[in-house]
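The primary structure of each chain is shown beneath.
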Amino acid sequence: KLAREVGKDVELEVSGGEVELDKLIVEELSDPLMHLVRNAVDHAIEPPEERARSGKPRAGRIRLAAAQKGNHVQILVEDDGAGLDEDRIREVAVQRGLATAQSVGGLSRREVMNLIFVPGFSTARQVTALSGRGVGMDVVKNNVANLSGIIELQTERGRGTRFEITLPVTLAI
């Protein structure tokens, strides 16, 4: 429904339904996971025509997967969209007063990408029903941290973004 509203074709692939999680954990993760999927639809997946011009399938792909890895549960949300724009993140950080032009210039790529988790951060150019309010990724990170988990981000321009949430299995059962 969301993809149709924003004029995009999206295929959602879900796997790992056999992974067992405590009901309280699921409740704590549902909003962050929903936020990550909504962000992928709104920000990451390009319109069908743009994807076709880039040689990609017209429909974007978002994958939500869970797996048990030793004493951890790993949850992935990944897309084959545009990837995060490092220059735009730097620009927004300066515009919103989260960093100075000089300090943002000295940040590593990883530090720049971690700016998306700062409260108030948003690269949306306008506020919509879906995004632009700067509420979201900081809440995602906090909810994961409250579960003694970590969230990691990998992105490549033009290829997509991957969020990996790792939780201790002791919480997950």
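1. Concerning the packing of helix α2 (residues 23-44) against helix α7 (residues 137-146)
Line of reasoning, step 1. Between α2 and α7, whose axes approach to 9 Å, the crossing angle comes to 145°. In the crossing of α2 with α7, the sense of the turn from one axis to the other is left-handed. Across the interface between the two elements, E28, L29, P32, H35, L36 and N39 of α2 pack against M137, V140, N143 and V144 of α7.
Line of reasoning, step 2. When the residues that make up the contact of α2 with α7 are grouped by side-chain class, the tally is six nonpolar, three polar and one charged.

2. As for the layout of surface pockets
Line of reasoning, step 1. Put simply, the second largest pocket is a space of about 240 Å³.
Line of reasoning, step 2. Forming the walls of the second largest pocket are 14 residues, and the residues nearest its centre are L21, L33, L64, A66 and I75.
Line of reasoning, step 3. Counting only elements with at least two residues in the lining of the second largest pocket, the list comes to β1 (10-15), α2 and β2 (60-69).
Line of reasoning, step 4. Residue contributions to the lining of the second largest pocket peak at four residues, all from α2.

3. Points about the environment of V140
Line of reasoning, step 1. When you line up the elements, V140 lands in helix α7.
Line of reasoning, step 2. Note on V140: relative accessible area 2%, which makes it buried.
Line of reasoning, step 3. Separated by 101 residues in the primary sequence, V140 and N39 have C-alpha atoms spaced 11 Å apart.
Line of reasoning, step 4. Apart from the residues within four sequence positions on either side, V140 is in contact with P32, H35, L36 and I151.

The rules behind each value
Residues numbered from 1 in each chain as written. Predicted model: local features only at pLDDT ≥ 70, side-chain atom pairs only at ≥ 80, totals over all residues. Heavy atoms only, no water. Axes fitted to C-alpha atoms, helices over the stretch in contact; angles between N-to-C directions. Helix = DSSP H or I, 4+ residues; strand = E, 2+ residues; numbered from the N terminus. Left-handed = near helix turned anticlockwise from the far one by under 90°. Contact = heavy atoms within 4.5 Å. Nonpolar A, V, L, I, M, F, W, Y, C, P; charged D, E, K, R; others polar. 1 Å grid on protein atoms, 1.4 Å probe; cavity = no way out; pocket = protein on both sides within 12 Å on 5 of 7 lines; lining within 4 Å. Points joined across faces, edges and corners; volume = space filled by probe spheres on them. Buried < 20%, exposed > 50% of the residue type's maximum accessible area, 1.4 Å probe, protein only.

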